[in-house]
Amino acid sequence: MLREEKGVFLPGAPNALAARIIADLGFKAVYLTGAGLTNTYLGLPDLGFMDLTQVADHVMAIRCVIDLPLIVDIDTGFGNAINVTHTVRVLEQAGASAVQIEDQHAPKRCGHFDGKELIPLEEMLGKVRAAVDTRRQDLVIIARTDACAVEGFEAAIERAGRYIEAGADVTFVEAPESLDDLKAVPRRLKAPQLVNMVLGGKTPIIDAKTAAAMGFSLVLYANAALQGAVHGMQSTLSTLKQKGALDERDVASFAERQRLVDKQAFDLMDRRYAANENGHSR
């Protein structure tokens, strides 16, 4: 897909149910969002609260229910370059198709928050090389730089170029603040590029056709599903509070909820493997 296509939507999933919905709607890949996972699992902001075990648990849960390529946000890699080797092994075994590592100091901040700090370039190069050297299968390594907000756009391009030299398969220049800078990213970097569309964030929103024309391979909407879910929960629960009751027209139907989690398949298995009166499976 990275070799042959441009402008591919990459919706973010904060959990396995969201991943099922993304797959059900026909998208081509899923992104396990660190921010969304932190928001939904812990109810906390994206400030580096998740650990490797929590991420791995969610990777396995998602991989058990979808077959799409799964890109996993690993923040800063959960430590130094040595820790990155362990992170890559664990998540590759859990079912990740790609990992995305960034060059912030830990604890990291959301890419569209203020107050970010970068690790030295050489330290990040070591992390990228560690990830590349450790992978045992076709795991894709995505290297993200947050340098735009800290050192400026030119520094971000310089860092991303060095990450490509270190072996990164894809780079992700986070939070360019102008269309001119966005256009320059794929033109100046000799690897597939990811662009992050954050609703309410710092980067201008462009559609997939425009992103493809610019040369971006992946168009990430990391937390659109989460923001939509929050909006839906607030709307539905506000209606409940105001009216004192709900009917099925106010929500996704009971039948649709069961369809999305593939209950019918489990009903079929139950009938197939259930014991009959003589103790034998039917």
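Computed from a predicted structure; not experimentally measured.

Caption draft 1: Up close: the packing of aromatic side chains. This structure, assessed with the given rule, holds two aromatic pairs. Relative to Phe 27, the ring of Phe 9 has its centre 6.4 Å away and its plane inclined at 80°; by these criteria the two rings are edge-to-face. Residue Phe 9 is located in strand E1 (residues 8-13), and its partner Phe 27 is located in the loop between helix H1 (16-24) and strand E2 (30-32); the two are separated by 18 residues in the primary sequence. Residue class for Phe 9 comes out partly exposed when judged on its relative accessible area of 35%. On the basis of relative accessible area, Phe 27 is assigned to the partly exposed category, the value being 31%.

Caption draft 2: Spotlight on the side chain of Glu 102. Mapped onto the secondary structure, Glu 102 falls in strand E4 (residues 98-102). Here Gln 104 takes part through its side chain, which lies 3.2 Å from a polar atom of the side chain of Glu 102.

Caption draft 3: View of the environment of Leu 246. Positionally, Leu 246 belongs in the loop between helix H10 (224-243) and helix H11 (254-260). The spatial distance from the C-alpha of Leu 246 to the C-alpha of Thr 236 is 8.3 Å, given a sequence separation of 10 residues.

Caption draft 4: Highlighting the pattern of salt bridges. As enumerated under the stated definition, the model contains 15 salt bridges in all. Its salt-bridge partner being Arg 259, residue Asp 24 comes within 2.8 Å of it at the nearest N-O pair. Pair noted here: Asp 24 is in helix H1 and Arg 259 is in helix H11, with a separation of 235 residues, a long-range link. Taking the shortest distance from any N to any O, the salt bridge between Arg 136 and Glu 92 comes out at 3.6 Å.

Scoring rules and cut-offs
- Residues numbered from 1 in each chain as written.
- Predicted model: local features only at pLDDT ≥ 70, side-chain atom pairs only at ≥ 80, totals over all residues.
- Heavy atoms only, no water.
- Phe/Tyr/Trp six-rings, centres within 6.5 Å; stacked < 30°, edge-to-face > 60°.
- Helix = DSSP H or I, 4+ residues; strand = E, 2+ residues; numbered from the N terminus.
- Buried < 20%, exposed > 50% of the residue type's maximum accessible area, 1.4 Å probe, protein only.
- Polar contact = N/O pair within 3.5 Å; in protein donor to acceptor, adjacent residues only side chain to side chain.
- Salt bridge = Lys/Arg side-chain N within 4 Å of Asp/Glu carboxyl O.

The values reported here are purely geometric and, on their own, carry no functional implication.
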